[in-house]
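If you want the building blocks of each chain, they are given just below.
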Amino acid sequence: MADIITGMIKRYAADDRFTPEPDPSGRSIRLVMNDVCWFEFVKNEAEGKIRISFATRDRYMNEDIELAILDSKDPIDDFVYDGMEEAGEEEEHKVEHYHDGVFRYAIDLPLDKPGVDEQAARVLDGLFYTFEEFAEGDD
């Protein structure tokens, strides 16, 4: 299998939703939406996984997302389900929400799974559909 990050760089190079910013190490790519939020693929070979995440440095945006999750009365995994379904991703995923200098909503997939590159792209699209309205704001 070709390197998954290289494949994602090629896949998203012409996607007008994002400005791709590949990491020189070849282990990640950031797909920037605006000054405060982006999506990311990070390959962790030591753990045998790829992490797909939505990230924002905007605390207020994160609080709006957290409030929407609470208002939905669903766990975070279910909150992203509609976005995943819209993206054609049928598998349910565990979503981790954490702060590592930015606020992240992340899903891990095993690197050795057949078709992981296509599934990772669907997961990214699912996260995009879930968080798009927050990232675009009201302006």
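Data block above holds the structure.
As the structure is a computational prediction, the values presented were derived from the model and not from experiment. (Residues numbered from 1 in each chain as written. Predicted model: local features only at pLDDT ≥ 70, side-chain atom pairs only at ≥ 80, totals over all residues. Heavy atoms only, no water.)

Chemist: Describe in detail the overall build of the chain, supporting the description with residues and values.
Modeler: Looking only at helices and strands, the chain features five helices and six strands. Computed over its C-alpha atoms, the radius of gyration of the chain comes to 14 Å, within 12% of the 14 Å expected for a compact globule of 139 residues. Seen through its C-alpha atoms, the chain measures out along the principal axes to roughly 40 × 30 × 25 Å. Per-residue burial over the chain gives 42% buried out of 139 residues. Here the analysis covers contacts within the chain between residues at least 6 apart in sequence; of these, 54% occur between residues at least 24 apart. Total accessible area on the chain is roughly 7700 Å²; 46% of this is exposed by carbon and sulfur atoms. For the chain, the distance from the average site of its 15 positive side-chain charges to the average site of its 36 negative ones is 7 Å. (Helix = DSSP H or I, 4+ residues; strand = E, 2+ residues; numbered from the N terminus. Rg over C-alpha atoms; globule rule 2.2 N^0.38 Å. Buried < 20%, exposed > 50% of the residue type's maximum accessible area, 1.4 Å probe, protein only. Contact = heavy atoms within 4.5 Å. Areas by Shrake-Rupley, 256 points an atom, 1.4 Å probe, with all protein chains shown as cover. Lys, Arg positive; Asp, Glu negative; His and termini not counted. Charge placed at Lys NZ, Arg CZ, Asp CG, Glu CD.)

Chemist: Requested: an account of the side chain of R104, with residues and values cited.
Modeler: Take R104: it is sitting in strand 6 (residues 103-110). With relative accessibility at 9%, the residue R104 sits in the buried group. Here the side chain of R104 touches D100 through a polar contact of 2.9 Å, side chain to side chain. For R104, the residues in contact, after removing those within four places along its chain, are W38, E40, S53, F54, A55, E96, H97 and Y98. (Polar contact = N/O pair within 3.5 Å; in protein donor to acceptor, adjacent residues only side chain to side chain.)

Chemist: Quick one: what's the story with the packing of aromatic side chains, residue by residue and with numbers?
Modeler: Considering all chains together, one arrives at ten aromatic pairs under this definition. For the ring pair F39 and F128, a centre distance of 5.9 Å and an interplane angle of 50° mean the geometry is tilted. Note that F39 is positioned in strand 3 (residues 37-44) and F128 in helix 5 (residues 116-136), a separation of 89 residues in sequence. Both residues of the pair, F39 and F128, belong to the buried class. Members of the aromatic cluster, connected to one another through ring pairs, are Y12, F18, F39, F41, F54, Y105, F128, Y129 and F131. Stacked on the ring of F128, the Lys or Arg R17 has its end atom at 4.5 Å from the ring centre. Taking the ring centre of Y60 as reference, the NZ or CZ of R59 above it sits at 4.5 Å. (Phe/Tyr/Trp six-rings, centres within 6.5 Å; stacked < 30°, edge-to-face > 60°. Lys NZ or Arg CZ within 6 Å of the ring centre and 35° of its normal.)

Chemist: With reference to specific residues and values, describe the packing of helix 1 (residues 4-12) against helix 5.
Modeler: Contact pair helix 1 / helix 5: the axes reach a minimum separation of 11 Å and the direction vectors enclose 50°. Judged by the inter-axis angle, helix 1 sits oblique to helix 5. Our pair here, helix 1 against helix 5, has a crossing hand that is right-handed. Taken together, the residues of helix 5 that come into contact with helix 1 (itself represented by I4, M8, R11 and Y12) are V116, D117, E118, A120, A121, L124 and D125. (Axes fitted to C-alpha atoms, helices over the stretch in contact; angles between N-to-C directions. Parallel < 35°, antiparallel > 145°, perpendicular 65-115°, else oblique. Left-handed = near helix turned anticlockwise from the far one by under 90°.)

Chemist: Can you break down the sheet that holds strand 1 (residues 19-22) residue by residue, with the values?
Modeler: Taken in spatial order, the six strands make up an open sheet running 1-2-3-4-6-5, and their pairing is antiparallel. Of all the strands in the sheet, just strand 1 and strand 5 (96-99) have a single pairing partner and so form its edges. Adjacent strand axes in the sheet meet at a mean angle of 25°, parallel and antiparallel pairs treated alike. With eight bridges connecting them, strand 4 (residues 49-56) and strand 6 associate as antiparallel partners. Directly across from S53, in strand 6, lies its bridge partner A106. This element, helix 2 (residues 59-72), spans strand 3, strand 4, strand 5 and strand 6 of the sheet and lies at about 65° to strand 6. (Pairing = 2+ DSSP bridges.)

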